[in-house]
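Understanding the architecture of this molecule
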Amino acid sequence: MIAFPFFVARRMSRGHRHLQGEASTSPLLRLSTIGVALSLGVMLISVAIILGFKRQVSSFAYGQTGHVSLYAWGSDWLGTSQHLRLGEGLRSFLEQRPDIRQVYPLLQRIALLKTEDNYEGLMLYGVDSAFTHSYFSSRITSGVWPTFSALDSVDNPIVLPSKLAERMQCRVGDKLRLYFWGEQIRVRAYQLVGIYESSGLDKLPAITAGSSLRRLDRLGADEYSRLMIVLEQGERTDEVMASLSEELGQSPSLLQGQSLGLNSAEELMPDLFNWLALLDSNVYLLLSLMILVGGFTMITGLIIIVLDKTRQIGLLKALGASNRQIRSIFTLMSLRLMLRALLWGNVLAGAFCILQATLAPIKLDPRNYFMDAVPVVFDLGLWIGVNVGTALLILLMLLAPTKIIASISPSAVMRFD
């Protein structure tokens, strides 16, 4: 009995010839297929774009703060007036934790970059050779990423964000003068060895060797502005922070009498991550609307199929088929139509993502966004989830319209004929 609905559905789904002068329902069914395909395509493209935005923006945020920042209590995380001491005990404690991927000690200093024609303030990060954060090094568009050690061919190398370099008309190889203020104004010379893409962002830092800032402020070898901590799993930030706070509180010897602040990137850049959360809300709304559009499109297609096959429904009932079996037949026919639509929706979305990822034809204004082109990210799990979720929800929506089959009787079919 189980094979009966499959057999009949397969036979009825094949292309059928209409009598001369009889209207064909095929164009309407094709429109239903196109509607579902477009709905799914829009959903998949939306998910890919939002994931791309979140990854790009999160990469920017984590490039500034890491997943967690550790700094002197009472100072702003971007402030430079206070420093913490990174003893061997604290360094070993952090680096040996399995949930921490990397610890980057930073020195920070605000400086004034002055050329013959212009001047502008900037944030300067002082790093060492262990600083391998890919956000900066992977974005080099001109010059090289130095080692920030004695192996560099120039003294005091510096890497600038592209927008700052463009505004100041700086080129790789230029000698730059940076002015630092404190008890007195001091001038230091740096050589520009690299420029990294900043995609219109104005607050990205310049990068230089930490040794130059250490000499400038006469700091000890273990003194830093803050520690940028990168985790193995960024989604576990709150859990790791709670564990760190508890363990550091129970081991005062690690802190050496210091009062340190511990904050996540989300806490240090709330506006940025609130914006990302708003994007999630927009995606959920869009997914809901597209599923409704696809569901109602499939309902329309199912009603068209039922009306077109009214005579066959009456004949099946006259031959003893139950309403449940006939509903199964038309559900399977709708499923076949829906699977075809899902296939084309995936092809449409996949083609768009590949085109945008390779050629980036859709551009963005970097002054209003954190990038200059629409980003896309393919996540196989979410891709499959959207497909399966869409199929299940549409099938559930199709259960109610199939009940109209129960109202069709063989006698009505004879009159209909």
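Residues numbered from 1 in each chain as written. Predicted model: local features only at pLDDT ≥ 70, side-chain atom pairs only at ≥ 80, totals over all residues. Heavy atoms only, no water.

Summing up its helical and strand segments, the protein has 14 helices and twelve strands in all. Within the protein, the fraction of its 417 residues that count as buried is 48%. Restricting to contacts in the protein with at least 6 residues of sequence separation, those with at least 24 account for 78%. Working note: accessible area of the protein is about 21,800 Å², and carbon and sulfur atoms make up 58% of it. (Helix = DSSP H or I, 4+ residues; strand = E, 2+ residues; numbered from the N terminus. Buried < 20%, exposed > 50% of the residue type's maximum accessible area, 1.4 Å probe, protein only. Contact = heavy atoms within 4.5 Å. Areas by Shrake-Rupley, 256 points an atom, 1.4 Å probe, with all protein chains shown as cover.)

Taking 1.5 Å per residue as the helical rise, helix H7 (residues 237-250) with its 14 residues ought to reach 20 Å, and the 20 Å between its terminal C-alpha atoms agrees with that figure. The set of residues buried in H7 consists of Thr237, Val240, Met241, Leu244 and Leu248. For H7, the buried positions fall inside an angular range of 100° around the axis, keeping them on one side. When the buried face of H7 is taken as reference, the exposed residues oriented beyond 90 degrees from it are Asp238, Glu246, Gly249 and Gln250. (Expected span 1.5 Å × (residues − 1). Arc of directions from axis to C-beta.)

On to the pattern of salt bridges. Inspection of every chain in the model, using the stated rule, returns ten salt bridges. Among the salt bridges present, the one from aspartate 99 reaches arginine 97, with a minimum N-O distance of 2.8 Å. Residue aspartate 99 shares its accessibility class with arginine 97, and that shared class is buried. The salt bridge partner of arginine 109 is aspartate 217, with a shortest N-O separation of 3.0 Å. Of the two residues, arginine 109 is situated in strand S3 (residues 100-114) and aspartate 217 in helix H6 (residues 210-217); the sequence distance between them amounts to 108 residues. Residue classification places arginine 109 among the buried positions, given a relative accessible area of 9%. Three or more residues joined by partner-sharing salt bridges are found here, namely Arg97, Asp99 and Glu247. (Salt bridge = Lys/Arg side-chain N within 4 Å of Asp/Glu carboxyl O.)

Next up on the list: the packing of aromatic side chains. Inspection of the entire model under this criterion finds ten aromatic pairs. On the numbers, 5.3 Å between centres and 85° between planes, the contact of tryptophan 145 with phenylalanine 148 is edge-to-face. You can call tryptophan 145 partly exposed: its relative accessible area is 23%. These aromatic residues form a ring-pair network of at least three members: Phe60, Tyr104, Phe131, Tyr135, Phe136, Trp145, Phe148 and Tyr196. Note that arginine 214 overlies the ring of tyrosine 224, its terminal NZ or CZ placed 4.9 Å from the centroid. (Phe/Tyr/Trp six-rings, centres within 6.5 Å; stacked < 30°, edge-to-face > 60°. Lys NZ or Arg CZ within 6 Å of the ring centre and 35° of its normal.)

Summarising the model, the protein shows a mean pLDDT of 83, and 89% of its residues fall at 70 or more. Within the model, the stretch residues 15-24 combines pLDDT values under 50 with seven contacts to residues more than four positions away or in other chains. (pLDDT = per-residue confidence, 0-100.)

Taken together, the side chains of Phe378, Leu380, Ile384, Val388 and Leu392 make up a nonpolar region of the molecular surface, amounting to roughly 500 Å² of accessible area. Relative to the elements of secondary structure, isoleucine 384 occurs in helix H13 (residues 380-399). (Patch = residues over 30% accessible without salt bridge, like charges linked within 9 Å, V, L, I, M, F, W, Y side chains within 5 Å.)

For the rest of this paragraph, the subject is the packing of helix H10 (residues 270-308) against helix H11 (residues 310-318). Packing of H10 against H11 leaves a shortest axis separation of 4 Å and a crossing angle of 65°. Residues Val306, Leu307 and Asp308 of H10 touch H11, and the partners they reach there are Thr310, Gln312 and Ile313. Along the lines of polarity and charge, the residues of the contact of H10 with H11 split into three nonpolar, two polar and one charged. (Axes fitted to C-alpha atoms, helices over the stretch in contact; angles between N-to-C directions. Nonpolar A, V, L, I, M, F, W, Y, C, P; charged D, E, K, R; others polar.)

A separate point is the environment of arginine 101. Within the secondary structure layout, arginine 101 lies in strand S3. Using a relative accessible area of 49% as the deciding quantity, one classes arginine 101 as partly exposed. Here the alpha-carbon distance between arginine 101 and leucine 231, two residues 130 residues apart in the chain, equals 5.0 Å. With sequence-adjacent residues up to four places away left out, arginine 101 is seen in contact with Val230, Leu231 and Glu232.

Glancing now at the pairing of strand S11 (residues 226-231). A regular strand places its side chains so that they alternate between the two faces of the sheet. For S11, the buried fraction is high: six of the six residues fall into the buried class. The side-chain alternation of S11 yields two buried faces, one formed by Arg226, Met228 and Val230 and the other by Leu227, Ile229 and Leu231. Looking at chain direction, strand S1 (residues 68-72) and S11 are connected through four bridges and run antiparallel. Paired with serine 69 across the strands is methionine 228, a residue of S11. (Pairing = 2+ DSSP bridges.)

What follows covers the pairing of strand S8 (residues 186-196). Judged by how many residues are buried, S8 sits mostly within the fold: eight of eleven residues are covered. Judged from the three bridges that link them, strand S5 (residues 140-143) and S8 form a sheet pairing that is antiparallel. Within S8, the position partnered with serine 142 by the bridge is isoleucine 195. For strand S7 (residues 175-180) and S8, the ladder comprises six bridges, and the chain directions are antiparallel.

Membership of the largest hydrophobic core comes to 77 residues, with the highest contact counts inside it found for Phe273 and Phe330. When residues in this core are grouped by element, the largest group, 16 residues, is from helix H2 (residues 26-65). Judged by nonpolar contacts, the second largest core, of 42 residues, contains Leu160, Met241, Leu248 and Leu262. (Core = buried A, V, L, I, M, F, W, Y, C linked by side-chain atoms within 4.5 Å.)

Here we take up the environment of serine 198. Structurally, the position occupied by serine 198 is in the loop between S8 and strand S9 (206-209). Considered as a pair, serine 198 and phenylalanine 60 are 138 residues apart in the sequence and their alpha carbons are 9.3 Å apart. If we skip the residues at most four places from it in the chain, serine 198 touches Pro161, Ser162, Lys163 and Leu204.

It is at 9 Å that the axes of H10 and H13 come closest, and there the two elements cross at 45°. In this view, H10 runs oblique relative to H13, as classed from their interaxial angle. For H10 against H13, the interelement crossing comes out right-handed. Along its contact with H10, which presents Ile291, Leu292, Gly294, Gly295, Phe296, Met298, Ile299 and Leu302, the element H13 presents Thr390, Leu393, Ile394, Met397 and Leu398. Of the residues belonging to the contact of H10 with H13, the class tally is ten nonpolar, three polar and no charged. (Parallel < 35°, antiparallel > 145°, perpendicular 65-115°, else oblique. Left-handed = near helix turned anticlockwise from the far one by under 90°.)

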